[in-house]
Amino acid sequence: MRGVGIVKGETAMKRILVACLALVALLAVVPSLQAAAPPGPGQQMPDFELPLPKDGADRNYLGLTGRLFSFGGGSFRVAETKAQAVIFQVFSMYCPHCQKDAPNMNTLYNLIEGSQRARGKVKIIGVGAGNNPYEVGVFKKKYQVPFPLFPDGDFIIHKKLGDVRTPYFIVIRIMPDGSHRVVYSKLGSFGDPARFLDDVLTMTGI
Amino acid sequence: MFTTFRLVPYLLLAGLVALAPAPVAALSDAYKDNLYETGILKPVDSVLKVKVGDRAPDFRLKAVSGEQVSLGDYRGKKHVVLSFIPAAWTPVCSDQWPGYNIVKELFDEHDAVLLGISVDSLATLFSWTNQMGRLWFPVLSDFFPHGAVAAAFGILRTDGTAERALIVIDKQGIIRYIDVHDVNKRPPLDALARELEKLPK
């Protein structure tokens, strides 16, 4: 009788152990399934890297010319862009509003490049959520986009940014010590490019 | 005590199902909060009735624009790409045709036309595609008899929606390519571009 009691106790212990392990496994899986929230003003960008652009003009624009290419092509973080502010656009070539907004984005780029106050200090980066390199290339060619666009074919960056709808805009201020903070984070078109650039310069104190 | 532990696997399973990710799509703000979340669906839920090399079943369907479109109208004139989508006002579908809308040149270059087909009613398709801007290609309703064209190709799912399928038909009416795609994912555009390249000039 005593022996049977021990066996029953061991079985119960095993079940408790299995249940605990299963719960630990579930808790480990939960964060990866839950969408993050987009970074708000005052916060930092989530941690992700973009591939170094193959195009020399794009590398030059982002101030990444000194970067060495590794076998994988190399990568950089948005806050490593040589700029005081980065306008980060989440778009998709499949998004009607992004298509409609494309000329506005080009106007914004031209305003920045034509402004003594902003040129070289404010840069634009676009990431195509769910778009592979071919699809990003189609969008870039169709709208003659002059700033660097990056693919996010597997929605990895999109998920880190909280599964935002498109277009979504995040403006980050990069400080001289390399630290950064988000100053703007909003869904939808920013409207008039000139007014938006003024707002960006004001928000970032450039 | 033991009863409680026996429930643990079921509770874990329920938890995982509840947390299962939605279909992967970057939703355009064009649709606001009007899209119906389908959750993850069975990737393919039908049995093809055609294969590459077969003559495509002919059909005549009404387009949102009001015209009647027949596959036979293009015989000897244009290659035809059929893009079946499962249902209007759902995430991945809403994230597919707007992309085709900016690559008309790709189809023109290969002397091909695109026909979008859905089992939804004309009224539903009208209001849904209006959110995409002005589409250059006809959008056809396979609503009544329900999904008859999708059924003829063997891509009508058991719930009455169609598969997310791309079918390329040459000018002779012969099927050159079939992609019955995972319904939860958008087919990459470059795969279709490669198939268009293969069509006889």
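Computed from a predicted structure; not experimentally measured.

Conventions used here
Residues numbered from 1 in each chain as written. Chains lettered and ligands numbered in written order. Predicted model: local features only at pLDDT ≥ 70, side-chain atom pairs only at ≥ 80, totals over all residues. Heavy atoms only, no water. Helix = DSSP H or I, 4+ residues; strand = E, 2+ residues; numbered from the N terminus. Buried < 20%, exposed > 50% of the residue type's maximum accessible area, 1.4 Å probe, protein only. Contact = heavy atoms within 4.5 Å. Areas by Shrake-Rupley, 256 points an atom, 1.4 Å probe, with all protein chains shown as cover. pLDDT = per-residue confidence, 0-100. Expected span 1.5 Å × (residues − 1). Arc of directions from axis to C-beta. Salt bridge = Lys/Arg side-chain N within 4 Å of Asp/Glu carboxyl O. Disulfide = S-S within 2.5 Å. Pairing = 2+ DSSP bridges. Axes fitted to C-alpha atoms, helices over the stretch in contact; angles between N-to-C directions. Lys, Arg positive; Asp, Glu negative; His and termini not counted. Polar contact = N/O pair within 3.5 Å; in protein donor to acceptor, adjacent residues only side chain to side chain.

## Details of the overall build of chain B
- Across its full length, chain B holds seven helices and seven strands.
- The N-to-C order of helical and strand elements in chain B reads α-β-β-β-α-α-α-β-α-β-α-β-β-α.
- Looking at chain B as a whole, 53% of its 201 residues qualify as buried.
- Taking as baseline every contact in chain B between residues at least 6 positions apart, the subset at least 24 positions apart corresponds to 69%.
- A total of about 9200 Å² of accessible surface is found on chain B, and carbon and sulfur atoms cover 59% of it.

## Section: the overall build of chain A
- Assigned secondary structure in chain A consists of six helices and seven strands.
- By the burial criterion, 48% of the 206 residues in chain A qualify as buried.
- A separation threshold of at least 6 residues defines the contact pool for chain A, and within that pool the share at least 24 residues apart is 68%.
- Only carbon and sulfur atoms are counted for the fraction: they give 58% of the accessible area of chain A, which is about 10400 Å².

## Let's talk about the confidence of the model for chain B
- Averaged over all residues, the pLDDT of chain B is 90; the fraction at 70 or higher stands at 87%.
- Across residues 13-20 of chain B the pLDDT falls below 50, and counting only partners more than four positions away or on other chains, this stretch makes six contacts in the model.

## Structural notes on helix α6 (residues 193-204) of chain A
All names here are of chain A.
- Compared with the 16 Å implied by 1.5 Å per residue over 12 residues, the 16 Å span of α6 between its first and last C-alpha is a close match.
- All of the buried residues in α6 are P193, F196, L197, V200, L201 and T204. Within α6, the buried residues cover an arc of 140° as seen down the axis, which keeps them to one side. Opposite the buried face of α6, at more than 90 degrees from it, the exposed residues are R195 and T202.
- Those residues of α6 that are buried are in contact with β3 (85-91), α3 (96-113), β4 (122-129), β6 (168-174) and β7 (180-187).
- Once α6 ends, the next one or two residues include G205, with phi positive near 70°.

## So, the pattern of salt bridges
Residues and elements named next belong to chain A.
- Counted under the stated rule, the structure contains 17 salt bridges over all chains.
- D163 is paired through a salt bridge with K159; the nearest N and O atoms lie 3.4 Å apart.
- Look at D163 and you get partly exposed, because its relative accessible area is 34%.
- Residues participating in the shared-partner salt-bridge network are D47, E49 and R77.

## Things to note about the state of the cysteines
Residue and element names in this part refer to chain A.
- Enumeration over the complete set of coordinates arrives at one disulfide over all chains.
- Here C95 is linked by a disulfide to C98, with a sulfur-sulfur distance of 2.5 Å. The disulfide joining C95 to C98 has a torsion of about 85° about its S-S bond and is therefore right-handed. The same class applies to C95 and to C98, which are both buried.

## Brief notes about the sheet that holds strand β1 (residues 60-63) of chain B
All names here are of chain B.
- Ordered in space as β2-β1-β5-β4-β3-β6-β7, the seven strands form an open sheet in which the pairing is mixed. For this open sheet the edge positions go to β2 (68-70) and β7 (175-181), each flanked by a neighbour on one side alone. Averaged over all adjacent pairs, the angle separating strand axes in this sheet is 30°, with direction ignored.
- Sheet topology places strand β3 (residues 79-84) next to strand β4 (residues 112-118); six bridges connect them, and they run parallel. Paired with L82 across the bridge in β4 is L115.

## Overview of the side chain of K123(A)
All names here are of chain A.
- Examined against the element boundaries, K123 turns out to sit in strand β4.
- It is E113 that comes nearest to the buried, bridge-free K123 among opposite-charge side chains, at 7.0 Å.
- Polar side-chain contacts of K123 include one of 2.6 Å to the backbone oxygen of Y61.
- Look past the residues within four positions of K123 in its chain and what remains in contact with it is Y61, L62, T81, K82, A83, A85, V86 and I87.

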